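Residue-level structural notes
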Amino acid sequence: MNNRCILIAEDDASIRQALADALTGTGYTVHEAGDGRKALEILFTQHIDLALLDVNMPEADGFKVLAIMEKECPGIPAIMLTARGEETDRVKGLQLGADDYVVKPFSILELMARITAVLRRSPERPKMPAIPSFPGGTIDPSARTVIFDDGRTVALSEKEFDLLVYFLRHPNRIIAQEELLIRVWGKSAKPSQTRTIPVTLARLREKLGSDSALTRGFENMRGIGYSWTPPVI
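So, here is what we can say about the structure in this document. (Residues numbered from 1 in each chain as written. Predicted model: local features only at pLDDT ≥ 70, side-chain atom pairs only at ≥ 80, totals over all residues. Heavy atoms only, no water.)

Describing the pattern of salt bridges
Per the stated rule, a full pass over the model turns up 11 salt bridges. With its nearest N and O atoms 3.8 Å apart, the salt bridge here joins Arg-37 to Glu-59. In this pair, Arg-37 sits in helix H2 (residues 36-45) while Glu-59 sits in the loop between strand E3 (50-54) and helix H3 (62-72), placing the two residues 22 residues apart along the sequence. Residue classification places Arg-37 among the partly exposed positions, given a relative accessible area of 25%. For Glu-59, a relative accessible area of 46% gives the class partly exposed. (Salt bridge = Lys/Arg side-chain N within 4 Å of Asp/Glu carboxyl O. Helix = DSSP H or I, 4+ residues; strand = E, 2+ residues; numbered from the N terminus. Buried < 20%, exposed > 50% of the residue type's maximum accessible area, 1.4 Å probe, protein only.)

A closer look at the sheet that holds strand E7 (residues 145-148)
Sheet architecture is open: 3 strands sit in the order E6-E7-E8, paired in antiparallel fashion. Pairing within the sheet leaves two strands with one partner each, and these edge strands are strand E6 (137-140) and strand E8 (153-155). Between one strand and the next, the sheet's axes are offset by a mean angle of 20°, whatever the strand orientation. Relative to E7, E6 is paired through 4 bridges, and the arrangement is antiparallel. The residue bridging Asp-140 from the neighbouring strand is Thr-145, located in E7. (Pairing = 2+ DSSP bridges. Axes fitted to C-alpha atoms, helices over the stretch in contact; angles between N-to-C directions.)

Structural notes on the sheet that holds strand E10 (residues 218-221)
Read across the open sheet, the 3 strands follow the order E9-E11-E10; overall the sheet is antiparallel. Since the sheet does not close on itself, it has two edges, and those belong to strand E9 (175-176) and E10, each with one partner. As defined by bridge partners, E9 adjoins strand E11 (residues 225-228) across 2 bridges and the pair is classed as antiparallel. Counted as the bridge partner of Ala-176 is Gly-225 from E11.

Here we look at the packing of H2 against H3
H3 packs onto H2 with a crossing angle of 20° between their chain directions and a minimal axis gap of 10 Å. Considered as vectors, H2 and H3 are oriented roughly parallel to each other. H2 and H3 meet at a crossing whose hand is right-handed. Contacts from Gly-36, Ala-39, Leu-40, Leu-43 and Phe-44 of H2 reach H3 at Val-65, Ile-68, Met-69 and Glu-72. (Parallel < 35°, antiparallel > 145°, perpendicular 65-115°, else oblique. Left-handed = near helix turned anticlockwise from the far one by under 90°. Contact = heavy atoms within 4.5 Å.)

A look at the packing of H2 against helix H6 (residues 158-169)
Viewed as axis vectors pointing N to C, H2 and H6 meet at an angle of 45°, and their least axial separation amounts to 12 Å. By the angle class used here, H2 and H6 are oblique. In this structure, the crossing between H2 and H6 has a hand that is left-handed. On the side of H2, the interface is formed by Arg-37, Glu-41, Phe-44 and Thr-45, while H6 contributes Glu-158, Lys-159, Phe-161 and Arg-169. Considering only residue class, the contact of H2 with H6 consists of 2 nonpolar, 1 polar and 5 charged. (Nonpolar A, V, L, I, M, F, W, Y, C, P; charged D, E, K, R; others polar.)

Let's talk about the packing of aromatic side chains
Counted by the stated rule, this structure contains 2 aromatic pairs. On the numbers, 5.8 Å between centres and 75° between planes, the contact of Phe-134 with Phe-148 is edge-to-face. Linking Phe-134 in the loop between helix H5 (108-121) and E6 with Phe-148 in strand E7, this pair joins segments that are 14 residues apart in sequence. Using a relative accessible area of 5% as the deciding quantity, one classes Phe-134 as buried. In this arrangement the basic side chain of Arg-152 is found over the ring face of Phe-148, its NZ or CZ atom lying 4.1 Å from the centre. (Phe/Tyr/Trp six-rings, centres within 6.5 Å; stacked < 30°, edge-to-face > 60°. Lys NZ or Arg CZ within 6 Å of the ring centre and 35° of its normal.)

A closer look at helix H1 (residues 13-25)
Between the first and last C-alpha of H1 there are 18 Å, a value that for 13 residues agrees with the 18 Å anticipated at 1.5 Å per step. Buried residues along H1 sit in contact with strand E1 (5-9), strand E2 (29-33), E3, strand E4 (78-82) and H5. Where H1 ends, the next residue or the one after it, Gly-27, has phi of about 105°, a positive value. (Expected span 1.5 Å × (residues − 1).)

This is the structure we're talking about:
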């Protein structure tokens with residue numbers, strides 16, 4: 001048995017189940033996602049040793065998830081799964097950082113061999129950074145809650161939690177609205193066309209408490225983006 005953990009991001013439930021059965025049957029721990037948003041949530045909150053990414057996923061396709069992985073979770077190897085075998089798609093995946101590329105339909109045994117080979121080549125890759133804490137409290141990713149040192153616990157929605165974690169992972173820098181839309185929501189819409197970010201951030205600040213040191217660290221730079229400065233306790 002091994003202790004490696006694999007993310008299966010595949011929107012076809014039958015393929016996802018077959019892969020999960022094969023991998024768990026050989027000792028791997030498995031996390032499953034049926035779309036790109038769920039895949040990113042798992043990547044940001046769980047220890048993952050390798051990701052299997054379907055190219056044609058809803059919410060955020062495999063290429064987009066891979067690009068975000070390379071930026072936010074560097075070092076996690078990825079194998080692309082796709083029904084498209086065009087050379088341009090293979091090249092795109094490899095240029096974005098994919099370690100291998102498997103075209104459907106594929107043999108489970110072949111894929112297992114490729115997984116073993118990729119993991120063998122990547123024994124020392126850096127692991128996903130832990131969910132950061134902050135002065136005055138901690139984050140519980142399993143429950144999506146913020147736990148303050150004074151005992152107060154605040155439950156957050158999925159996107160409120162994802163947004164907060166993104167700020168905590170990128171302190172003391174200006175984050176453009178476009179970056180937040182892509183990294184947190186998996187969208188490519190122009191910021192001027194959506195109120196998603198300010199609405200979500202307003203709800204987050206209200207839940208955390210407008211007078212808390214954590215909330216006071218947020219700054220809206222109109223027309224530029226947002227920043228978060230860690231509180232000094």
